[in-house]
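One-letter residues, chain by chain:
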Amino acid sequence: MQLLRSLLSYGKPVPWRLIHDWKCHACGDCCTRYVVELNPREYAQIAHTYGFSSVTVSAGKIYLKRRPDGSCLFLHNLNGRNLCGLQHAKPEACRLWPFNPQESPIFGHPELSHYRYGRKSFYVYVIPACPGLSYGEPSRRLKEKVIPEILDMKFRGRISQKYSTSTVVPKPSTLYPPLTVVRV
Ligand code: SF4
Ligand code: SF4
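Being a predicted model, the structure only gives us computed values, none of them experimental.

**Some points on the side chain of Arg-95**
Summarising the element assignment, Arg-95 is placed in helix α4 (residues 92-96). Despite being buried, Arg-95 has no salt bridge partner; Glu-42 is the closest side chain of opposite charge, sitting 4.4 Å away. There is a polar contact of 3.0 Å between the side chain of Arg-95 and the backbone oxygen of Lys-90. Non-local contacts of Arg-95, meaning those with residues more than four positions away in its chain, are made with Arg-41, Glu-42, Lys-90, Ile-150, Met-153, Arg-158, Ile-159, Gln-161 and Ser-164.

**Concerning the nonpolar core**
Judged by nonpolar contacts, the single largest core of 24 residues is most densely connected at Val-14, Phe-99, Tyr-115, Val-124, Leu-142, Ile-147 and Leu-151. In terms of residues, this core owes the most to one element, helix α6 (residues 140-155), which gives six residues. For Ile-147, the contacting residues outside a window of four places in its chain are Trp-16, Phe-99, Tyr-115, Val-124 and Leu-142.

**Points about the site of ligand 2**
In the region of ligand 2, the neighbouring residues are Cys-31, Val-36, Leu-64, Cys-72, Phe-74, Leu-75, Cys-84, Leu-86, Pro-91 and Cys-94. The residue inventory of the shell around ligand 2, partitioned by class, reads ten nonpolar, no polar and no charged.

**Some remarks on the environment of Arg-158**
By the element assignment, Arg-158 lies in the loop between α6 and α7 (172-175). Sequence-wise, Arg-158 and Asp-69 are 89 residues apart; in three dimensions their C-alpha atoms are separated by 32 Å. Each residue touching Arg-158, except ones within four places of it in the same chain, is listed here: Arg-95, Glu-149, Asp-152 and Met-153.

Parameters at a glance
- Residues numbered from 1 in each chain as written.
- Chains lettered and ligands numbered in written order.
- Predicted model: local features only at pLDDT ≥ 70, side-chain atom pairs only at ≥ 80, totals over all residues.
- Heavy atoms only, no water.
- Helix = DSSP H or I, 4+ residues; strand = E, 2+ residues; numbered from the N terminus.
- Buried < 20%, exposed > 50% of the residue type's maximum accessible area, 1.4 Å probe, protein only.
- Lys, Arg positive; Asp, Glu negative; His and termini not counted.
- Salt bridge = Lys/Arg side-chain N within 4 Å of Asp/Glu carboxyl O.
- Polar contact = N/O pair within 3.5 Å; in protein donor to acceptor, adjacent residues only side chain to side chain.
- Contact = heavy atoms within 4.5 Å.
- Core = buried A, V, L, I, M, F, W, Y, C linked by side-chain atoms within 4.5 Å.
- Near = heavy atom within 4 Å.
- Nonpolar A, V, L, I, M, F, W, Y, C, P; charged D, E, K, R; others polar.

This is how it looks when you write it as structure tokens:
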């Protein structure tokens, strides 16, 4: 489809109706290429648990600390799979990635991004940089499980994830304390 090709070639947000499904491959790209901004609650929780050295401040904003290679301090490579060591306090930016849910169609294509949830209308996009996305007719899983969970997290305070995260979730005992078992 011409629209999809154009959005992908420019790396622009893609409306959810052009997505077949999303499954995290635990490739670790998103945890290496991007900074993770924390809100005040996340900052307080993470700094309290892991110390102030786990965060960094720049231009008045607070971010998760990154290693020299750009990877998040909490990213673990276990048997070739990249896993998050912050499962119980994962920042919202990480929980939502690669989805970008909005209350208005700020990235355009309202007919393709519209999602009716309860009595409200939302507009859901994905960031095409994630290799876990596949394109085509939306799957039932995407429509009925993944997107509602994303909207619950963004707009209704949900913290737990079942469908919108990697199916490989490490046992806390294999990762905590996170800074002692990291391989880089
Ligand atoms: S969300 Fe996407 S980029 Fe991030 S680890 Fe999973 S597949 Fe890779
Ligand atoms: S907190 Fe977890 S999901 Fe977020 S960037 Fe770090 S390792 Fe990745």
